[in-house]
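The primary structure of each chain is shown beneath.
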Amino acid sequence: MKSSRTIEKGKVSRREFLASSTALSTVGVLSAAAAAQQGQESGRAVSDRSKSDPGPTNKALDAQNPSSVVPPDTDAGSVPAFKYSFSFAHKRLYEGGWSREVTVRELPVSKSIAAVDMRLTAGGIRELHWHAAAEWAIMLYGSARITCIDADGRSFVADVKEGDLWFFPTGIPHSIQGLGPDGAEFLLVFDDGNFSEYATVLLSDWLVHTPREVLAKNFSDGSQAWEKIPRDGLFIFQSEVPPPLAADQHSAAGNLGSSTVDFAFRRTQQPVTKRTSGGEVRIVDSSLFKVSTTIAAAIVTVHPGGMRELHWHPNADEWQYYISGNGRMTVFATGGRARTADFEAGDVGYVQQTLPHYIENTGDTDLRFLEMFKSSFYQDLSLSEWLSHTPPELVMAHLNIDKATLDALPKEKLVIVPR
Ligand code: MN
Ligand code: MN
């Protein structure tokens with residue numbers, strides 16, 4: 001007993017010695033400042049005793065964030081937080097529905113995109129309004145009627161259901177109303193991280209702050225008809241479920257006729273761009289959804305055991321919304337820094353332009369999420385396609401791998417690694 005324990009102890013010591021040697025040699029190629037910032041943490045073996053957390057902690061949040069409680073030993077250094085949950089966001093509750101937003105104020109890294117999660121009851125109305133940012137949306141539950149007018153004043157009225165998208169350009173006035181039987185919940189994505197639902201032009205808010213005699217003159221109506229405008233802005237309010245779609249389309253079209261622009265993009269118009277045994281991706285940008293000129297989307301499903309491959313985006317930051325399942329993402333942030341975070345339904349993730357990342361399904365159900373970009377087009381580069389289209393000797397000299405390993409790499413972008 002005594003001797004075997006001694007041998008075991010000796011093995012551990014040697015392993016620890018090798019691990020710390022590796023850490024030291026890694027640190028050797030970093031600047032002194034970078035090494036100090038990292039605390040030489042990367043690649044070092046740490047015992048369970050050292051990982052223990054006997055003091056106060058939020059056990060429910062810890063259970064949802066295993067990659068923060070015990071990060072992979074490849075994580076290192078200070079990477080700005082790139083996760084926020086809609087569960088933390090303030091909810092504006094109204095008769096007729098609610099909304100909550102995640103913007104650059106909640107998640108400072110998310111400079112290019114902000115989003116709103118909104119619920120409308122059957123008949124509940126998001127007030128007629130517009131804003132300086134463009135609005136891309138996906139229906140998450142139920143159905144709604146959307147209305148707008150195009151830049152020529154022609155009307156657009158359509159019903160959207162789960163999986164359908166819409167897009168309202170900057171300054172285009174619009175509304176959303178929940179339909180039966182149980183209204184809708186949807187995600188609104190704006191091409192400006194600084195956007196706020198508190199800063200939109202609301203029809204009632206505008207008119208209540210316009211002198212009554214100006215309204216009467218503007219509408220050539222000298223009556224007292226404009227005295228009852230709600231004083232506080234409606235934002236969301238309860239009303240009746242609207243009449244059949246054709247009736248609304250006909251009455252809104254008037255003399256001008258309906259708009260020739262399609263501001264909606266149905267689920268059935270979203271072909272699978274790439275499918276492997278590990279999952280599938282549908283890329284929807286302005287090449288398919290013509291009106292969506294400032295926001296591009298990838299709608300991703302990763303099956304259990306599958307992974308969105310190591311890749312990066314040359315053209316834009318990536319804003320993510322997790323719809324279902326469980327996943328983890330590591331963002332490599334240059335200078336020896338990397339951070340891993342866990343995601344589930346209702347979480348927002350963010351990757352700054354060009355930074356490498358992957359998203360792995362860590363659960364036993366499909367992982368579904370959105371990749372959103374402030375861009376007219378979708379673009380990514382994969383690690384596999386890069387390495388397989390670079391002279392082999394050059395790659396081998398970098399990574400200390402043999403030709404057989406290099407030859408086995410996928411020769412093209414997989415998007416989702418097969419299982
Ligand atoms: Mn809007
Ligand atoms: Mn990506």
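Not measured: the values here are computed from a predicted model.

**Some points on the overall build of the protein chain**
Each helix and strand counted, the protein chain has 11 helices and 25 strands in total. Counting all 419 residues of the protein chain, 43% fall into the buried class. The contacts of the protein chain with a sequence gap of at least 6 include a subset with a gap of at least 24, amounting to 76%. Taken as a whole, the protein chain presents about 21400 Å² of accessible surface, with 57% of it coming from carbon and sulfur.

**Notes on the coordination of the manganese ion (ligand 2)**
Donor atoms from the polypeptide that bind the manganese ion (ligand 2) are His 311 (NE2), His 313 (NE2), Glu 318 (OE) and His 357 (NE2), placed at 2.0 to 2.2 Å. For the manganese ion (ligand 2), the donor residues sit on a single chain with the sequence spacing H-x1-H-x4-E-x38-H. Of this pair, His 311 sits in strand S17 (residues 307-312) while His 357 sits in strand S22 (residues 357-361); the two residues are 46 residues apart in sequence, bridging distant segments of the chain. Considered together, His 311 and His 357 belong to a single accessibility category, that of buried residues.

**Focus: the confidence of the model for the protein chain**
Per-residue pLDDT for the protein chain averages 91, and the proportion of residues at 70 or more is 89%. The low-confidence segment residues 1-40 (pLDDT under 50) makes 14 contacts with residues lying over four places distant or belonging to another chain.

**Examining the coordination of the manganese ion (ligand 1)**
Donor atoms from the polypeptide that coordinate the manganese ion (ligand 1) comprise His 129 (NE2), His 131 (NE2), Glu 135 (OE) and His 174 (NE2), at 2.0 to 2.2 Å from the metal. Counting gaps between the donor residues of the manganese ion (ligand 1) yields the pattern H-x1-H-x3-E-x38-H. Glu 135 shares its class with His 129; the two are buried.

**Topic: the nonpolar core**
Ranked by internal contacts, the top residues of the largest apolar core, which has 80 residues, are Trp 136, Trp 166, Leu 187 and Trp 319. Considering every element that reaches this core, the biggest residue donor is strand S6 (residues 135-149), with 8 residues. Split by domain, this core shows at least three residues from each of two domains, domain 2 (87-264) and domain 3 (270-417). When near neighbours in sequence (up to four residues on either side) are disregarded, Trp 319 contacts Ser 110, Ile 113, Ala 115, Leu 187, Val 189, Val 348, Gly 349, Tyr 350, Leu 370, Glu 371 and Met 372.

**Structural notes on the packing of aromatic side chains**
Enumeration over the complete set of coordinates arrives at 15 aromatic pairs. Taking the centre distance of 5.8 Å and the plane angle of 80° together, the rings of Trp 312 and Trp 386 count as edge-to-face. With Trp 312 in strand S17 and Trp 386 in helix H9 (residues 383-388), this pair connects stretches of sequence that are 74 residues apart. Aromatic side chains Tyr 322 and Phe 369 sit 5.3 Å apart centroid to centroid with 25° between the ring planes, which places their arrangement in the stacked category. Of the two residues, Tyr 322 sits in strand S18 (residues 318-324) while Phe 369 sits in strand S23 (residues 367-373), which places them 47 residues apart along the sequence. Judged on exposure class, the residue Tyr 322 and its partner Phe 369 are both buried. An aromatic cluster of three or more residues is present, and its members are Phe 86, Trp 319 and Tyr 321. Lying over the aromatic face of Tyr 198, Arg 92 brings its terminal NZ or CZ to 3.9 Å of the ring centre.

**Thoughts on the pattern of salt bridges**
Tallying each qualifying case throughout the model produces 16 salt bridges. Linking Asp 248 and Arg 145 is a salt bridge whose minimum nitrogen-to-oxygen distance equals 2.9 Å. Taken as a pair, Asp 248 in helix H8 (residues 245-253) and Arg 145 in strand S6 lie far apart in primary sequence, 103 residues in all. For Asp 407, the salt bridge goes to Lys 403, with nearest N and O atoms at 2.9 Å. Linking Asp 407 with Lys 403, this pair stays in helix H11 (residues 403-407), spanning 4 residues, or about one helical turn.

**Observations regarding the sheet that holds strand S21 (residues 347-351)**
In spatial order, the strands read S1-S21-S18-S23-S16-S15-S14; together these 7 strands make up an open sheet with antiparallel pairing. One side of each edge strand has no neighbouring strand; the edge strands of this open sheet are strand S1 (83-85) and strand S14 (274-276). Strand-to-strand twist in this sheet, taken as the mean axis angle between neighbours without regard to direction, amounts to 15°. Here S1 pairs with S21 via 3 bridges, running antiparallel. When the sheet's bridge partners are listed, Ser 85 is paired in S21 with Asp 347.

**Looking at a nonpolar patch on the surface**
A contiguous nonpolar surface patch, about 350 Å² in accessible area, is contributed by Leu 128, Val 201, Leu 203 and Trp 206. Along the polypeptide, Val 201 turns up in strand S11 (residues 201-202). With relative accessibility at 31%, the residue Val 201 sits in the partly exposed group.

**Brief notes about the pairing of strand S16 (residues 296-302)**
Residues in a regular strand project their side chains so that they alternate between the two faces of the sheet. Counting buried residues along S16, 7 of its 7 residues qualify, which places the element largely inside the surrounding structure. Side chains of S16 alternate between two faces, with Ala 296, Ala 298, Val 300 and Val 302 and Ala 297, Ile 299 and Thr 301 buried alike. Relative to S23, S16 is paired through 7 bridges, and the arrangement is antiparallel. Residue pairing for S23: Val 300 is matched across the bridge by Phe 369.

**A few points about the environment of Val 348**
Along the chain, Val 348 turns up in strand S21. Spatially, the C-alpha atoms of Val 348 and Ser 85 are 5.8 Å apart, while their sequence positions differ by 263 residues.

**Some remarks on unusual backbone geometry**
Cis peptide bonds are those with omega within 30 degrees of zero, and the linkage from Gly 180 to Pro 181 qualifies with 0°. Relative to the elements of secondary structure, Pro 181 occurs in the loop between strand S9 (174-178) and strand S10 (184-190). Positive phi is not limited to glycine here, since Phe 235 has a value of about 60°.

Each value, and the rule that gives it
Residues numbered from 1 in each chain as written. Chains lettered and ligands numbered in written order. Predicted model: local features only at pLDDT ≥ 70, side-chain atom pairs only at ≥ 80, totals over all residues. Heavy atoms only, no water. Helix = DSSP H or I, 4+ residues; strand = E, 2+ residues; numbered from the N terminus. Buried < 20%, exposed > 50% of the residue type's maximum accessible area, 1.4 Å probe, protein only. Contact = heavy atoms within 4.5 Å. Areas by Shrake-Rupley, 256 points an atom, 1.4 Å probe, with all protein chains shown as cover. Donors = N, O, S within 2.8 Å, 3.2 Å for Na, K, Ca; no water. pLDDT = per-residue confidence, 0-100. Core = buried A, V, L, I, M, F, W, Y, C linked by side-chain atoms within 4.5 Å. Domains from an automatic or database assignment. Phe/Tyr/Trp six-rings, centres within 6.5 Å; stacked < 30°, edge-to-face > 60°. Lys NZ or Arg CZ within 6 Å of the ring centre and 35° of its normal. Salt bridge = Lys/Arg side-chain N within 4 Å of Asp/Glu carboxyl O. Pairing = 2+ DSSP bridges. Axes fitted to C-alpha atoms, helices over the stretch in contact; angles between N-to-C directions. Patch = residues over 30% accessible without salt bridge, like charges linked within 9 Å, V, L, I, M, F, W, Y side chains within 5 Å.

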